[in-house]
Amino acid sequence: MATGDQSKKRKQRYLPQNRPAKKKGAYPLKPGVQGFFISCDGGREYQASQEAINVIDSFFEELMHGTGLKMNSSGVLENPINKKVTFSYSEDEDEEEDDEGSNDKEEENKEVGDKEEVSEGGNKQVDEKELTSEGSCKVKQTEKDEEKEEEKQENVVEEEPPKKKPCVEEATASAKVNGNAEKSIDKLIDAELKELGDKSKRRFMKLDPGCNGIVFIQMKRRDGDPSPKDIVQHAMTSAAATKKHMSRFILRILPIEVACYPSEEEISRAIKPLVEHYFPVETDNPRKFAVLYGARANTGLDRMKIINTVAKSIPAPHKVDLNNPEMSIVVEIVKTVCLIGVVEKYKELAKYNLRQLTSTK
């Protein structure tokens, strides 16, 4: 009896005591999710998932708030990044002021010389009184010139910029005015931290696909949010235009809008909303499409059967074109989950390989 009581106590010591057991690690990938299928370097899945969440979140914010780069139909940026900045206190204005001052002095000296020549070229016979008067005039003119120069120097000294006052008074005044605003900002930050701590309110979350070299980021889409296809399309076009290095471990990003079990019946049923959205029956512009198939950790499926079920679900006005497709339907099978998405310009954008798009070679 004593041994039985001890074993019960040991079990109770390690039980959660009416509390739900905390799950460690990422949740497994299951059907019925939307998100992003990402391939990365082997053994760097954790780092790639963190980078992917940051990259996707940044492009999501650009689409929501309209802060991204705008491009023309030809792929050229409308607003150039490099701009010439000129300041009001630039050196050019100082040089212009110095040139104007020197020009004024030269004109004054020329006028004085002209007056002297006219006085000398008048009458040749000059009395001693006139010479003395001329001497006194010259002395007065020189004195006036000296006084003008002194006044200019005093004005220059007076026009020197005043010394900077300490910013203590301004800081205290602004702190008093913005006191209420800072309190409200602190409340907003606390609320955002609580949302980030709650996994149910996160927009992007990592799921475990169970394979090496693969990461899946789930997107909990809300009303008014862009689709995974729009986010990835914006990311690839901006990366191709700017050639800006964005990540270290991510290779390819593909949008996933449907996840189901990899059977012909389930695929034909789950792909219907995608077909209605991207391949409508009544349209004036029929599109050319291709099916891209990939399988990982699953060798029991027939590749051609899956491709044929996807191709047959597309209505008649649209045609298959494997050489130059306008739209590509991505089918990725990971263990027992089939992931389906739609992409545009797959070959033109380096097969959505972020590393190749941003490389300068």
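Residues numbered from 1 in each chain as written. Predicted model: local features only at pLDDT ≥ 70, side-chain atom pairs only at ≥ 80, totals over all residues. Heavy atoms only, no water.

**Some points on the overall build of the protein**
A tally of helices and strands in the protein yields 11 helices and 10 strands. Counting every position in the protein, which comprises 361 residues, the buried fraction comes to 27%. The long-range share in the protein, meaning contacts at least 24 apart out of those at least 6 apart in sequence, stands at 75%. As presented, the protein carries roughly 26,500 Å² of accessible surface, and 49% of it is formed by carbon and sulfur atoms. (Helix = DSSP H or I, 4+ residues; strand = E, 2+ residues; numbered from the N terminus. Buried < 20%, exposed > 50% of the residue type's maximum accessible area, 1.4 Å probe, protein only. Contact = heavy atoms within 4.5 Å. Areas by Shrake-Rupley, 256 points an atom, 1.4 Å probe, with all protein chains shown as cover.)

**Section: helix α2 (residues 45-65)**
In this model, α2 (21 residues) spans 30 Å end to end at C-alpha, consistent with the 30 Å of a helix rising 1.5 Å per residue. Within α2, burial applies to Glu45, Ala48, Ser49, Glu51, Ala52, Val55, Ile56, Phe59 and Phe60. For α2, the arc enclosing every buried residue in end-on projection is 165°, short of the 170-degree limit, so these residues lie on one face. Residues of α2 that are exposed and point over 90 degrees away from its buried face: Tyr46, Asn54 and His65. Tucked into the core, α2 has its buried residues touching β2 (35-40), β3 (204-208), β4 (214-219), α7 (228-242) and β5 (250-256). (Expected span 1.5 Å × (residues − 1). Arc of directions from axis to C-beta.)

**Regarding the environment of Phe249**
Note that Phe249 resides in the loop between α7 and β5. Distance from Phe249 to Arg355, taken between C-alpha atoms, is 8.7 Å for residues 106 residues apart in sequence.

**Comments concerning the pairing of strand β9 (residues 327-334)**
Of all eight residues in β9, eight are buried; the element is thus mostly enclosed. Judged by which residues are buried, β9 turns out to be covered on both faces: Met327, Ile329, Val331 and Ile333 on one side and Ser328, Val330, Glu332 and Val334 on the other are all buried. As defined by bridge partners, strand β7 (residues 288-296) adjoins β9 across eight bridges and the pair is classed as parallel. When the bridges of β9 are listed, Ala290 appears paired with Ser328. Taken together, the eight bridges between β9 and strand β10 (residues 337-344) define a ladder with antiparallel strand orientation. Residue pairing in the sheet places Met327 in a bridge with Glu344 of β10. Following β9, the chain reverses through two residues before pairing antiparallel with β10; Lys335 in that reversal takes a positive phi of roughly 55°. (Pairing = 2+ DSSP bridges.)

**Things to note about the nonpolar core**
Among the nonpolar cores identified, the biggest contains 42 residues, and Phe36, Ile38 and Leu339 are the most heavily contacted of them. Of the residues forming this core, the biggest block, six residues, is contributed by α2. Those residues in contact with Phe36 that lie beyond four places of it in its chain are Ile56, Phe204, Val215, Phe216, Ile217, Met219, Pro228, Ile231, Val232, Ile253 and Leu254. Grouped together as the second largest cluster of nonpolar side chains are 23 residues, Leu274, Tyr278, Phe289 and Ile329 included. (Core = buried A, V, L, I, M, F, W, Y, C linked by side-chain atoms within 4.5 Å.)

**Here we look at the packing of aromatic side chains**
Under the counting rule described, the total for this entry stands at four aromatic pairs. With a centroid separation of 5.8 Å and 85° between ring planes, the pair formed by Phe60 and Phe204 is classed as edge-to-face. On the criterion of sequence distance, the pair formed by Phe60 in helix α2 and Phe204 in strand β3 is long-range, its members being 144 residues apart. Exposure remark for Phe60: the relative accessible area of 2% places this residue in the buried category. (Phe/Tyr/Trp six-rings, centres within 6.5 Å; stacked < 30°, edge-to-face > 60°.)

**Some details on the sheet that holds β7**
Pairing within the open sheet is mixed, and its five strands lie in the order β6-β10-β9-β7-β8. Edge positions in the sheet fall to β6 (258-260) and β8 (319-320), since each has one partner strand and no second. Together, β7 and β9 form the strand contacts of helix α10 (residues 303-312), whose direction differs from that of β7 by roughly 145°. (Axes fitted to C-alpha atoms, helices over the stretch in contact; angles between N-to-C directions.)

**A look at the sheet that holds β5**
With mixed pairing, five strands are arranged side by side in an open sheet as β1-β3-β4-β2-β5. The sheet terminates laterally at β1 (27-28) and β5, the two strands that pair on one side only. Of the strand pairs in this sheet, β2 and β4 are connected by five bridges, and their pairing is antiparallel. Looking at β4, one finds that Phe36 is bridged to Ile217. This element, α2, spans β2, β3, β4 and β5 of the sheet and lies at about 35° to β4.

**Examining the side chain of Ser247**
Residue position: Ser247 is located in the loop between α7 and β5. Using a relative accessible area of 9% as the deciding quantity, one classes Ser247 as buried. Non-local contacts of Ser247, meaning those with residues more than four positions away in its chain, are made with Glu51 and Leu354.

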